[in-house]
Amino acid sequence: MKRLVVATDGSAPAEEALELALELAAGEGAEVLFLHVLARDDPRVRRLGSEPPHRLEVTEEDVPLRRAAEAAGRRGVPCSLELVVGDAADEILAYADSRDADLVVVGSRGRGSVAGALLGSVSRSILGKATRPVLIVRGLRHG
């Protein structure tokens, strides 16, 4: 395993996924590619105007990505950071494909099948569309 894509949004399940991915990467000598996807209606995106760029520059404001990079640094795991705008599941999978990732790691809030169907779960969507291996970390510690 050479490359893991880890989607992070700063939530507790995403943090658990991040920690597990870093353990895997450290054991395999792999690089971790951290990705944060902003929705088009995010206030930061709206400030950019009607047609924001697809990729955004990572700034100090991007706390989930900065925390991910710090965690990787503490473990000596090489990483890169990417901030994009769009549909989370589609962007995560497109990024994994573009970087030829060996594994996609995401957290899941574990809301259950009814809530997932009604609310639209990113992890469910990724599982349904993925063409490469996916590891979903359920976020059990944070309910």
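Residues numbered from 1 in each chain as written. Predicted model: local features only at pLDDT ≥ 70, side-chain atom pairs only at ≥ 80, totals over all residues. Heavy atoms only, no water.

Considering the side chain of Thr8
Next, step 1: In this fold, Thr8 is placed in the loop between strand 1 (3-7) and helix 1 (12-28).
Next, step 2: A relative accessible area of 3% means that Thr8 is categorised as buried.
Next, step 3: Those residues within four positions of Thr8 in sequence are excluded, and the remaining contacts are Ala14, Glu15, Leu18, Leu35, His36, Pro64 and Leu65. (Helix = DSSP H or I, 4+ residues; strand = E, 2+ residues; numbered from the N terminus. Buried < 20%, exposed > 50% of the residue type's maximum accessible area, 1.4 Å probe, protein only. Contact = heavy atoms within 4.5 Å.)

Thoughts on the pairing of strand 2 (residues 31-38)
Next, step 1: Across the eight residues of strand 2, seven count as buried, placing the element largely inside the fold.
Next, step 2: Bridge count between strand 1 and strand 2: five bridges; the pairing is parallel. Looking at the pairing, Ala7 lines up with Leu35 of strand 2.
Next, step 3: The β-α-β motif built from strand 1, the intervening helix 1 and the parallel element strand 2 has right-handed crossover chirality.
Next, step 4: In the sheet, strand 2 pairs with strand 4 (residues 79-85) via seven bridges, with the strands oriented parallel. By the bridge assignment, Leu35 is partnered in strand 4 with Glu82. (Pairing = 2+ DSSP bridges. Right-handed = clockwise from strand over helix to strand, strands pointing away.)

Focus on the environment of His54
Next, step 1: One can find His54 in the loop between helix 2 (43-46) and strand 3 (55-56).
Next, step 2: Linking His54 and Glu91, residues 37 residues apart in sequence, is a C-alpha distance of 9.9 Å.
Next, step 3: Apart from residues lying up to four places away in sequence, His54 is in contact with Leu83, Val84, Val85 and Glu91.

What about the pattern of salt bridges?
Should the charged atoms of two oppositely charged side chains come close, the side chains can pair.
Next, step 1: All told, the structure shown has eight salt bridges when counted by the stated rule.
Next, step 2: Residue Arg132 is joined to Asp97 by a salt bridge in which the shortest nitrogen-to-oxygen separation is 2.8 Å. With a gap of 35 residues between them, Arg132 in the loop between helix 6 (122-129) and strand 6 (134-137) and Asp97 in helix 4 (residues 88-98) connect regions that are remote in the sequence.
Next, step 3: For Arg132, a relative accessible area of 19% puts it in the buried group.
Next, step 4: Note that Asp100 is salt-bridged to Arg132, the shortest N-O span being 3.6 Å. Of this pair, Asp100 sits in the loop between helix 4 and strand 5 (103-107) while Arg132 sits in the loop between helix 6 and strand 6, placing them 32 residues apart in sequence.
Next, step 5: If you follow the salt bridges from partner to partner, you end up with Asp97, Asp100 and Arg132 in one network. (Salt bridge = Lys/Arg side-chain N within 4 Å of Asp/Glu carboxyl O.)

A word on the confidence of the model for the protein
Next, step 1: The predicted model of the protein has a mean per-residue pLDDT of 86, with 86% of residues at 70 or higher.
Next, step 2: When the criterion is pLDDT under 50, residues 114-120 qualifies, and its contacts beyond four places in sequence or with other chains add up to four contacts. (pLDDT = per-residue confidence, 0-100.)

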